[in-house]
Amino acid sequence: IQQKPILNLIDLNKLKPPKTGNMSSNNTTTLADLTNSLTSDPKTWENSPLISVTQISTSGLLVLFQTAQSMRSLVRTKGGDTRLQHRVLASVFYEASTRTSCSFQAAMMRLGGTFLHVDGGKGGNTSASKKGESLEDTIRCLECYTDVTVLRHPTTGSVQRVALGGGTVKPVINAGDGVGEHPTQALLDFFTIWDELGVSLDVPDGDSKNEKTLTGQLVVVLLGDLKHGRTVHSLAKLLARSSIKHEVVLRYCSPSSLEMPSRVKEYVAQFPNAKQEEYTDMKEAVKGANVLYVTRVQKERFESAEDYEKVKGAYVVDNSLMVNAPPGMIIMHPLPRVDEIATEVDSDSRACYFRQMENGMFVRMAILALILGTP
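All values derive from a computational prediction rather than experimental measurement. (Residues numbered from 1 in each chain as written. Predicted model: local features only at pLDDT ≥ 70, side-chain atom pairs only at ≥ 80, totals over all residues. Heavy atoms only, no water.)

Caption draft 1: Spotlight on the packing of helix H1 (residues 58-78) against helix H11 (residues 353-371). Between H1 and H11, whose axes approach to 8 Å, the crossing angle comes to 115°. Judged by the inter-axis angle, H1 sits roughly perpendicular to H11. For the crossing formed where H1 meets H11, the hand is right-handed. For the pair H1 and H11, the contacting residues are Leu-64, Thr-67, Ala-68, Met-71, Arg-72, Leu-74, Val-75 and Arg-76 in the first and Glu-358, Asn-359, Met-361, Phe-362, Val-363, Met-365, Ala-366, Ile-367, Ala-369 and Leu-370 in the second. For the contact of H1 with H11, a count of residues per class yields 13 nonpolar, two polar and three charged. (Axes fitted to C-alpha atoms, helices over the stretch in contact; angles between N-to-C directions. Helix = DSSP H or I, 4+ residues; strand = E, 2+ residues; numbered from the N terminus. Parallel < 35°, antiparallel > 145°, perpendicular 65-115°, else oblique. Left-handed = near helix turned anticlockwise from the far one by under 90°. Contact = heavy atoms within 4.5 Å. Nonpolar A, V, L, I, M, F, W, Y, C, P; charged D, E, K, R; others polar.)

Take a look at the structure:
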């Protein structure tokens, strides 16, 4: 077994207690100021930006998950409602997106709102960046017409800069910033794990209400391109920092050139309930696992085609792997996939990546309703 434990890299005695409270109106707000600011009190969500998973306390997670469950029930029984009627979402994407942009747009429409979509990438439908306008000015102009902005940008930290720099007056939601974070993806991923496996949160009323509930450890294998995958960066941080009534074991399985960044491992190491392990053998990594979270090798993040070809297809999940995988292990993927999950696996009941995608709409409905003050 190619496994090496990762030691705790930070002195816990030196950690400062988290700050709480909503975003201040001055220009000095930092992401650290917003740590654990989103709680079970819906007022803490109202008009708040959502930049990072570090903003959400465990009680805040529970209210989000419960709201997402109610959204699922609403869609399946009535199709939606009108609580966000006359509200407008700015959907601003400087990188390609299908699932994130469409699920946010569908979420807004299911709740009676509407949206404006701006494709800011090369060949997109906006002239702003082509004329040299700053990202801050573009968002400030768009919020003259809208109530909330969902922003994806290729530069790490760009969404945080826009949301907390003092120029915007309406909430901004991070839809992915380069190789940084993708908080709403992590939230829908954790919701899927919580919902599928019956995970209990260590907060009042946090015990799972599922008929099938998790006992023992929560073992999550993160497989593939862990270097560039902002989805796994956010998910690892969220699972580690949340108060879960189970020890969390994060198993990182990747080619050596695509390992989980040290900044993520150092962050996770702050939390004594989270254990980290590294593997290169996929078959060994899935032994005893509850979740196999697969990511594609992101060709667009490589400097050369040659570097990409060296690691392309390093891991492929197929029926030969699933035969020996734990019977209760779920398979997740943020999608799109290339060849890392064979289509033959789609018919396996453990494959939940399309259920995961549907959950994305329910969770984003919940986020929009909470931020716009209509949960």
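Caption draft 2: Highlighting the pattern of salt bridges. Counting across every chain of the model gives 17 salt bridges. A salt bridge links Arg-140 to Glu-143; the nearest nitrogen and oxygen atoms lie 3.3 Å apart. With relative accessibility at 39%, the residue Arg-140 sits in the partly exposed group. Lys-209 is the salt-bridge partner of Asp-205, the closest N and O atoms lying 3.1 Å from each other. Take Lys-209: its relative accessible area is 60%, and that puts it in the exposed class. (Salt bridge = Lys/Arg side-chain N within 4 Å of Asp/Glu carboxyl O. Buried < 20%, exposed > 50% of the residue type's maximum accessible area, 1.4 Å probe, protein only.)

Caption draft 3: Structural context of the pairing of strand E7 (residues 248-253). Buried residues dominate E7, accounting for six of its six residues. Of the pairings in the sheet, the one linking strand E6 (residues 218-223) to E7 comprises six bridges and is parallel in character. Its bridge partner being in E7, Leu-222 is matched across the sheet by Tyr-252. Regarding topology, helix H6 (residues 230-241) serves as the crossover connection from E6 to the parallel E7, and that connection is right-handed. Taken together, E7, helix H7 (residues 262-268) and strand E8 (residues 274-279) form a β-α-β motif whose crossover is right-handed. (Pairing = 2+ DSSP bridges. Right-handed = clockwise from strand over helix to strand, strands pointing away.)

Caption draft 4: Region of the structure containing the sheet that holds strand E2 (residues 88-93). Here four strands make up an open sheet; going across it, the order is E3-E2-E4-E5 and the pairing parallel. Across the chains shown, the open sheet's two edge strands, defined by having one partner strand only, are strand E3 (114-119) and strand E5 (172-177). Sheet twist, expressed as the mean angle between neighbouring strand axes with direction ignored, is 15°. Relative to E5, strand E4 (residues 148-153) runs parallel, the two being bridged by four bridges. Residue pairing for E5: Thr-149 is matched across the bridge by Val-172. Seen against the sheet, helix H3 (residues 135-142) touches E2, E3 and E4 and runs at an angle of roughly 155° to E4.

Caption draft 5: Up close: the packing of helix H2 (residues 99-110) against H11. Running from N to C, H2 and H11 point in directions that differ by 55°, and their axes come no closer than 8 Å. Here H2 lies oblique to H11, going by the angle between them. As for how H2 packs across H11, the hand of that crossing is right-handed. Where H2 abuts H11, its residues Arg-99, Thr-100, Ser-103, Phe-104, Ala-106, Ala-107, Met-108 and Arg-110 lie against Met-357, Gly-360, Met-361, Arg-364, Met-365 and Leu-368. Tallied by class, the residues present in the contact of H2 with H11 amount to eight nonpolar, three polar and three charged.

Caption draft 6: Structural detail: H3. Of all the positions in H3, only Leu-135, Thr-138, Ile-139 and Leu-142 are classed as buried. Down the axis of H3, the buried side of the element spans an arc of 90°, and every buried residue falls inside it. Buried residues along H3 sit against E2, E3, E4 and helix H4 (158-164). (Arc of directions from axis to C-beta.)

Caption draft 7: Quick peek at the environment of Glu-277. With respect to the helices and strands, the residue Glu-277 is situated in strand E8. Given a relative accessible area of 5%, Glu-277 falls into the buried group. Separated by 56 residues in sequence, Glu-277 and Val-221 have C-alpha atoms that sit 9.3 Å apart. Of the polar contacts made by the side chain of Glu-277, one reaches the side chain of Lys-275; its length is 3.3 Å. (Polar contact = N/O pair within 3.5 Å; in protein donor to acceptor, adjacent residues only side chain to side chain.)

Caption draft 8: Quick look at unusual backbone geometry. Cis geometry marks the peptide bond from Leu-335 to Pro-336, where omega comes out at 10°. With respect to the helices and strands, the residue Pro-336 is situated in the loop between strand E10 (330-332) and H11. At His-86, a residue that is not glycine, the phi angle is positive and equals roughly 70°. Examined against the element boundaries, His-86 turns out to sit in the loop between H1 and E2. Using a relative accessible area of 70% as the deciding quantity, one classes His-86 as exposed. The backbone of Leu-335 shows a phi angle near 60°, a positive value even though the residue is not glycine. Along the chain, the position of Leu-335 falls in the loop between E10 and H11.

Caption draft 9: Here's a closer look at the confidence of the model for the protein. Here the protein averages 88 in pLDDT, and 86% of its residues register 70 or above. Across residues 6-21, confidence stays below pLDDT 50; counting only partners more than four residues off in sequence or on other chains, it has 28 contacts. (pLDDT = per-residue confidence, 0-100.)

Caption draft 10: Quick peek at the packing of aromatic side chains. Inspection of every chain in the model, using the stated rule, returns six aromatic pairs. Relative to Phe-190, the ring of Phe-65 lies with its centre 5.5 Å away and its plane at 85°, an arrangement referred to as edge-to-face. Here Phe-65 is found in helix H1, whereas its partner Phe-190 is found in helix H5 (residues 183-197), with 125 residues between them in sequence. The exposure class of Phe-65 is buried, given its relative accessible area of 0%. The class of Phe-190 is buried, set by a relative accessible area of 0%. (Phe/Tyr/Trp six-rings, centres within 6.5 Å; stacked < 30°, edge-to-face > 60°.)

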